[in-house]
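Reading the structure
For reference, the chains in residue letters:
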Amino acid sequence: MTAPLRVLSIATLFPDAARPNFGLFVEKSLRALAAQPGIDLTIVAPVGLPPFPLSLHKRYRALRSLPRSEVWNGLTVHRPRFTLIPRVGARFNPAKVARAVLSAVRGQPFDVVDAQFFYPDGPAAMNVAATLGLPFSAKARGADISHFGHDPATRSQVIEAAAQAAGLLAVSEAMRGDMAEIGIDPAKIAVHYTGIDTARFHPGDRADARAALGMGSTPAILTVGALIPRKGQALVIEALPALPGVHYWLAGAGDEEGRYRALAQKLGVATRVHFMGSVANADLPRLYRAADAVVMPSVSEGLANAWVEALACGTPIVISDAGGAAELVTSPDAGRIVERTPGAIAAAVRSILAAAPAAPAVAASLGGRFDWDRNGRELAAHLRRCAGRSAPVIK
């Protein structure tokens, strides 16, 4: 009988009791991995806390009480702490994460180290792997390359981790190209699409979903994501004067909410802009079904989970040409790729409202490419390949 592959997965993006939606797709991918035969998985999800008394701030207060180790939805998860220096300390995080990981798994044997986000997880995995004499892999998802791969403070660590890794993953073909552009060897990178739970995310009756949410019968567009400039919600608000009668629903929380409310008031559309705050993942399918279109003109993405979820629910998307956009919008049924201008966004929304595609056709545009079991099988096979390769050598 073949011995199981012992995987140590480092995931700074991973849900916890204080942030149940944080890194949810990382959890789902690792659950799919753990479900594969011959996989023995240990997850370390380090928790960054600033020095006292900053750690008492409301943003971090709930994190202080998280357990150091627990079983989370059937997965063994360790949550060691590391010191986080907000805003200016990003360059130091990989070393701190690595020390936290090593302290959490001291004495345990592994075959391969897996980093679920390229920064800081990738350079941290490189240090952990070098200490333990193991090979490692790292996965790129979006901002870990578009931001940390270009920031002078962190770029060199991203490049070194990529060079030392036994194998690399990217969430889309476009992300693979972005990695190559900053000097990462594309021959080392495999595209690893996310999954989707089609038992939950599937087409349904739009009128029923709207009635349940109290939306009424007016046209509705939706953005799902943090209220941050990169997601482009301000552009959608600016498009509303050219979309009379259309209501805009924002699912997510963030520091820009006050600015967005003021912008809506200034443009005279405040009564048509609805801030929902954070929405539990369990409630998202109904919300997607209620919308006529999901509109997300992001500056950058890898391959946004909300894009895939919306399409699976039969709702077309209006998105910018960011990340893997062209890998999803492959037909008019799936939606439109637009310039990041209010006029282009309004024109695309009008086009969809004038000739709404059938929900089953929208869902079919995914072509069966996004499946959690496939995701887990591919990740297991990738890590098995990496396990047979050399450990990194830190100069």
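Just above sits the structure.
Residues numbered from 1 in each chain as written. Predicted model: local features only at pLDDT ≥ 70, side-chain atom pairs only at ≥ 80, totals over all residues. Heavy atoms only, no water.

**Side note on the overall build of the chain**
Along the backbone of the chain there are 16 helices and 16 strands. Computed over its C-alpha atoms, the radius of gyration of the chain comes to 21 Å, within 12% of the 21 Å expected for a compact globule of 395 residues. Each of the 395 residues in the chain was classed as buried or not, and the buried ones make up 54%. By element, 55% of the accessible surface of the chain is carried by carbon and sulfur atoms, the whole surface being about 16,300 Å². (Helix = DSSP H or I, 4+ residues; strand = E, 2+ residues; numbered from the N terminus. Rg over C-alpha atoms; globule rule 2.2 N^0.38 Å. Buried < 20%, exposed > 50% of the residue type's maximum accessible area, 1.4 Å probe, protein only. Areas by Shrake-Rupley, 256 points an atom, 1.4 Å probe, with all protein chains shown as cover.)

**Notes on the packing of aromatic side chains**
Tallying each qualifying case throughout the model produces four aromatic pairs. With a centroid separation of 5.6 Å and 55° between ring planes, the pair formed by Phe 25 and Trp 372 is classed as tilted. One end of the pair, Phe 25, is in helix α1 (residues 24–34); the other, Trp 372, is in helix α16 (residues 372–387), with 347 residues separating them in the sequence. Classification of Trp 372 as buried rests on a relative accessible area of 12%. (Phe/Tyr/Trp six-rings, centres within 6.5 Å; stacked < 30°, edge-to-face > 60°.)

**Side note on the sheet that holds strand β9 (residues 167–170)**
Two pairing modes exist for strands in a sheet, parallel and antiparallel, and in both the strands are linked by backbone hydrogen bonds. Strand order in the open sheet made by the eight strands is β4-β5-β2-β1-β7-β8-β9-β10, with mixed pairing throughout. Two strands in the sheet have a free side with no partner beyond their single neighbour: β4 (69–72) and β10 (189–191). Each adjacent strand pair in this sheet contributes to an overall mean axis angle of 25°, direction not counted. Direction of pairing for strand β7 (residues 112–115) relative to strand β8 (residues 136–140): parallel, over a ladder of three bridges. Along β8, the bridge assignment pairs Val 113 with Phe 136. Where α1 meets the sheet, it contacts β1 (5–10), β2 (39–44), β4, β5 (75–78) and β7, and its direction lies at approximately 155° from that of β2. Contacting β1, β2 and β5, helix α3 (residues 93–104) crosses the sheet at an angle of about 140° to β1. (Pairing = 2+ DSSP bridges. Axes fitted to C-alpha atoms, helices over the stretch in contact; angles between N-to-C directions. Contact = heavy atoms within 4.5 Å.)

**Some details on the pattern of salt bridges**
Here the structure, examined in full by the defined rule, presents 12 salt bridges. Between Arg 259 and Glu 256 there is a salt bridge, and its shortest N-O distance comes to 2.5 Å. Across the pair Arg 261 and Glu 257 runs a salt bridge, and its minimum N-O distance is 2.9 Å. Of the two residues, Arg 261 and Glu 257 both sit in helix α10 (residues 257–267), four residues apart, roughly one turn of that helix. On the basis of relative accessibility, which here comes to 42%, the residue Arg 261 falls in the partly exposed class. Overall, Glu 257 belongs to the partly exposed group, its relative accessible area being 24%. Three or more residues are tied together by salt bridges with common partners; here these are Arg 230, Lys 231 and Glu 301. (Salt bridge = Lys/Arg side-chain N within 4 Å of Asp/Glu carboxyl O.)

**Thoughts on the sheet that holds strand β14 (residues 293–296)**
Read from one edge of the open sheet, six strands run β13-β12-β11-β14-β15-β16, paired in parallel fashion. If you trace the sheet from one side to the other, it starts and ends with β13 (273–277) and β16 (335–338), each paired once. The average angle at which neighbouring strand axes cross in this sheet is 20°, direction not considered. The strands touched by helix α14 (residues 342–354) within the sheet are β11 (220–224), β14, β15 (317–320) and β16, with β16 carrying the most contacts at an inclination of about 170°.

**Comments concerning the nonpolar core**
Ranked by internal contacts, the top residues of the largest apolar core, which has 79 residues, are Val 113, Phe 118, Leu 168, Met 179, Ile 184, Leu 222 and Tyr 288. Counting residues in each nonpolar core, the second largest holds 27 residues, with Ile 237, Phe 275, Val 295 and Ile 345 among its members. (Core = buried A, V, L, I, M, F, W, Y, C linked by side-chain atoms within 4.5 Å.)

**Details of helix α8 (residues 206–213)**
At the N-terminal boundary of α8, the capping side chain belongs to Asp 205, with an oxygen 3.0 Å from the backbone nitrogen of Ala 207. Once α8 ends, the next one or two residues include Gly 214, with phi positive near 70°. (Polar contact = N/O pair within 3.5 Å; in protein donor to acceptor, adjacent residues only side chain to side chain.)

**Some words on the packing of α1 against α16**
Geometrically, a packed helix pair is captured by the angle between its two axes and the distance between the axes. Packing of α1 against α16 brings their axes to within 7 Å, and their N-to-C directions diverge by 70°. As summarised for this structure, α1 and α16 are arranged roughly perpendicular, according to the angle between their axes. Residue-level inspection shows Phe 25, Lys 28, Ser 29, Ala 32 and Leu 33 of α1 in contact with α16, the latter providing Trp 372, Asn 375, Gly 376, Leu 379, Ala 380 and Leu 383. Its residues placed into classes, the contact of α1 with α16 shows seven nonpolar, three polar and one charged. (Parallel < 35°, antiparallel > 145°, perpendicular 65-115°, else oblique. Nonpolar A, V, L, I, M, F, W, Y, C, P; charged D, E, K, R; others polar.)

**Considerations on the side chain of Asn 93**
Tracing the backbone shows Asn 93 in helix α3. Since its relative accessible area comes to 11%, Asn 93 is described here as buried. With residues near it in sequence (within four places) discarded, Asn 93 still touches Phe 82, Thr 83, Leu 84 and Pro 120.

So, to be careful, I would describe these as geometric facts and stop short of saying anything about function.
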